[in-house]
Amino acid sequence: MRPLLSTSSLAAAALLAGCAANPFGPSVPASRITPINEAQTVTLAGNVHPLARPEFDQGPLDPSTPLDRMLLVLKPSLAQQFALDQLVAAQQNPASPKYHQWLTPAEFGAQFGAAPAQIAQITAWLTSHGFNIEEIPAGNRLIAFAGTAGQVDEAFHTQMHRYRIASTAFIASDHIANDRDPQIPAALANSIAGIVSLNDFRRQSSLVLRALPATHSSIQPQSASSPQYSAGSTHYIAPADFATIYDLNPLYNAGNSGAGASIAIAGRSNIDLADVAQFRATTGLAANPPAVILAGADPGLAGSDQAEATLDVEWSGAVAPAASITLVAATSTATTDGVDLASAYIVNHSTAPILSSSYSTCEQQMGAAELAFYNALWEQAAAEGISVFVASGDAGAAGCSAGSDITGSAPAVNGLCTPSYATCVGGTEFNEGANAAAYWAATNGSGPGSALGSALQYIPEEVWNESAANSGSDMWASGGGVSTVYAQPAWQFAVSGATAAGSMRAVPDAALAASNHDGAIMVENGGFMIASGTSVAAPSFAGIMALVIAAQSDKGQGSANPRLYALAVAAPSAFHPTPSGTNTVPGVAGYAATGAVYNLATGLGSVDASELVSHWAAQSTPSCPTRLVRARCRSGVRPWMLFP
């Protein structure tokens, strides 16, 4: 896949050049309209799913098949993109008058979206082919439309086919997808990036789930519905444990439990609110019911996605007990993943200043339009002051695989978290060694603040790796590695260890506990479960960010990455660098942690939440740790100012 130029280079060039012109571009986008000639077309390359192959082809889809909520991705002009990159950089520069001056979705659309006349031309073209326009989100970067397979064939010159993918000798999965790259009129080539997407290959949930035994051989449970969570050598993480291990209690004791902050969860299932209530009551958390927004039709309680949505709601709220939690649930359609629809809703409605997503698709399986969609959406989020947290995935260095697969084929990373506007969250595993009693009590606490807690202190961590390559099974390990698409931003390259990725973006950015070794408790359908995977880590980090925001007078922070990497240099006490382990999995060699500031399996490591919150607000200028960045520092541009 041909690498895309990181927009950080544009922003850095503008800052270093000290542009005398208006640094934030035109306030109203210029229309880019030329007459449409249907006989003159261009191909939108890189928009066929890699599994839509002839050997799997079962023939064309019935032309009358309805295809709903397709997303047409609109391109900004070069001037708009350059101005947006400058603005997002300035919003993180305390010396700039634009510092933390966040945009509303409508303001973003007016400045950096398509012009009204341009949108009118594109929608007229779509309706001329029989499509219905369902929505034009406020950012003016998307058009949601609906039609049939036959209309897609006719308008975009690509045919929708059925595919049967044989994963084993006995199991096959059926899908639909376009069989060739779509085409559009040449007159629209400077306006349209592509369609997200024309297939039903779904994003993977980063979740491992197992039932919790009602009894244990060594310790009798308190009751049949509330078992002990420290049982001999078996330990599970309750909110009180997380608070002890990651140093949240000083914040809680000082009155910061997230009040005033809010988190939006991107999901594709509804949840049973009674599960959240039971989880909070059992773990000693005060009642704080989440809100649910349906971004379209109600998906209902949708299989494994219900567990994902429930976990994300419960654990983001467990870490920030007083924060407002909103689940935005969207039904997947025949062509568009509900995660994409929910994420677009959150950003275009500015639902919350923190967004958490626990889904993944590797870069190699994302079309060019999908990559452009997420890169643009997360930059829009940053401009609106939204901090985005995305799970790195659960198949170690083999990001195109699932954790339940047996072997991986090649190195890959989650394309939903490689845009540098998102904070990619990997997984760690507690490493108690031979003296678990130093870290875990034999019984649980009780009462508010300590209910079900048994952790005694911070527990040393290693890279989460429970794969068959590390005395475990299958591929379960922290996702991480090097992007094939995005260039590395300067704020990342400035941190020791990140140079291992060369010139490309490295992920993850940070990590938290994700292992089945000490899994996180949750409640689903009235029963206790144990959850693991980076699905636990991402919403938990979103909860920590809510504590950061609650401590600020400004309730939005935008992309967390520039500040996280700056603090890794300026306030190392806020981090626990990972000293050992790798994310090597069967078939794919991964990356090792050695205690360096950064590694390609767990990023900057985990955090000491109290230290992180206390240092976040301090606007001290970090030192220049590498020769590459020293010249920029001498010129007045600091590493935390250089980012996409």
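An account of the accompanying structure is given in this report. Note that this is a predicted model, so its numbers are computed, not measured. (Residues numbered from 1 in each chain as written. Predicted model: local features only at pLDDT ≥ 70, side-chain atom pairs only at ≥ 80, totals over all residues. Heavy atoms only, no water.)

Check the secondary structure of the protein and you find 16 helices and 28 strands. For the protein, the proportion of its 644 residues judged to be buried stands at 59%. For the protein, contacts bridging at least 24 residues in sequence account for 79% of all contacts bridging at least 6. As displayed, the protein has an accessible area near 21500 Å², and 56% of this comes from carbon and sulfur atoms. (Helix = DSSP H or I, 4+ residues; strand = E, 2+ residues; numbered from the N terminus. Buried < 20%, exposed > 50% of the residue type's maximum accessible area, 1.4 Å probe, protein only. Contact = heavy atoms within 4.5 Å. Areas by Shrake-Rupley, 256 points an atom, 1.4 Å probe, with all protein chains shown as cover.)

Counted under the stated rule, the structure contains two disulfides. Across the disulfide from C362 sits C400; the S-S distance is 2.0 Å. Judged by the torsion about the S-S bond (90°), the C362/C400 disulfide is right-handed. Here C362, found in the loop between strand 18 (359-360) and helix 11 (368-383), pairs with C400, found in the loop between strand 19 (387-391) and strand 20 (422-430); they are 38 residues apart in sequence, far enough to count as distant. Accessibility expressed as a relative area gives 1% for C362, which makes it buried. Looking at C400, the relative accessible area reads 23%, which means it is partly exposed. One disulfide in the model links C417 with C424; its S-S distance is 2.2 Å. There is no split in this pair, since C417 and C424 are both buried. (Disulfide = S-S within 2.5 Å.)

Burial within strand 3 (residues 66-74) is extensive, with seven of its nine residues counted as buried. As judged from the six bridges shared by strand 3 and strand 5 (residues 142-148), these two strands associate in the antiparallel manner. Counted as the bridge partner of L67 is G147 from strand 5. Bridge count for strand 3 against strand 9 (residues 192-196) is four bridges, and the pairing is antiparallel. (Pairing = 2+ DSSP bridges.)

Counting buried positions along strand 26 (residues 527-532) gives five out of six residues, so the element sits mostly inside the fold. As defined by bridge partners, strand 25 (residues 520-524) adjoins strand 26 across five bridges and the pair is classed as antiparallel. Bridge pairing in strand 26 links A520 to A531. Hairpin geometry of strand 25 and strand 26 is characterised by an intervening segment of two residues between the two adjacent antiparallel strands and by a positive phi of about 50° at N525.

Moving on, we come to helix 4 (residues 116-128). Between its first and last C-alpha atoms helix 4 spans 18 Å; for 13 residues at 1.5 Å apiece the expected length is 18 Å, and the two agree. For helix 4, the complete set of buried residues consists of Q118, I119, Q121, I122, T123, W125 and L126. Just downstream of helix 4 lies G130, where phi reads positive at about 95°. (Expected span 1.5 Å × (residues − 1).)

Looking now at the nonpolar core. F242, W315, F575 and L612 are the most contacted members of the largest nonpolar core, which totals 82 residues. In terms of residues, this core owes the most to one element, helix 13 (residues 534-550), which gives eleven residues. If you look at the next biggest cluster of nonpolar residues, it comprises 48 residues, including A344, V347, Y374 and V485. (Core = buried A, V, L, I, M, F, W, Y, C linked by side-chain atoms within 4.5 Å.)

The sheet built from three strands is open, its strands ordered 2-6-7 with antiparallel pairing. Every other strand in the sheet has two partners, leaving strand 2 (57-60) and strand 7 (172-178) as the edge strands with one partner each. Neighbour-to-neighbour, the strand axes of this sheet turn through a mean angle of 20°, independent of strand direction. With three bridges joining them, strand 2 and strand 6 (residues 160-166) adopt antiparallel strand pairing. Following the sheet pairing, D57 is matched in strand 6 by Y163. (Axes fitted to C-alpha atoms, helices over the stretch in contact; angles between N-to-C directions.)

Tallying each qualifying case throughout the model produces 14 aromatic pairs. Their ring planes at 50° and their centres at 5.5 Å tell us that F108 and F112 sit as a pair that is tilted. A residue pair is termed a helical-turn pair when its members lie 3 or 4 positions apart in one helix, as F108 and F112 do in helix 3 (residues 105-112) at four residues. Taken together, the ring pairs in this structure connect F242, Y246, F279, W315 and F430 into an aromatic cluster. (Phe/Tyr/Trp six-rings, centres within 6.5 Å; stacked < 30°, edge-to-face > 60°.)

It is worth spelling out the packing of helix 2 (residues 78-90) against helix 11 at this point. Across the interface, helix 2 lies against helix 11 with an axial gap of 9 Å and an inter-helix angle of 45°. Classified by the angle their axes make, helix 2 and helix 11 are oblique. Our pair here, helix 2 against helix 11, has a crossing hand that is left-handed. Taking contact as the criterion, the partners of Q81, L84, D85 and V88 in helix 2 are, on helix 11, E379, A382 and A383. Of the residues in the contact of helix 2 with helix 11, the class split is four nonpolar, one polar and two charged. (Parallel < 35°, antiparallel > 145°, perpendicular 65-115°, else oblique. Left-handed = near helix turned anticlockwise from the far one by under 90°. Nonpolar A, V, L, I, M, F, W, Y, C, P; charged D, E, K, R; others polar.)

This next bit is on the side chain of T158. Among the secondary structure elements, T158 is positioned in the loop between helix 5 (149-156) and strand 6. From its side chain, T158 meets the backbone oxygen of R180 in a polar contact 2.7 Å long. Excluding residues within four positions of it along the chain, T158 makes contact with V152, D153, N178, D179, R180, D181, P182 and L198. (Polar contact = N/O pair within 3.5 Å; in protein donor to acceptor, adjacent residues only side chain to side chain.)

Another aspect to go through is the packing of helix 10 (residues 338-349) against helix 11. Helix 11 packs onto helix 10 with a crossing angle of 25° between their chain directions and a minimal axis gap of 9 Å. Regarding the angle of helix 10 to helix 11, the classification is roughly parallel. You can see that helix 10 and helix 11 cross each other, and the crossing is left-handed. On the side of helix 10, the interface is formed by V339, D340, S343, A344, V347 and N348, while helix 11 contributes F373, Y374, L377, W378, Q380 and A381. Here the contact of helix 10 with helix 11 is built from residues that sort into eight nonpolar, three polar and one charged.

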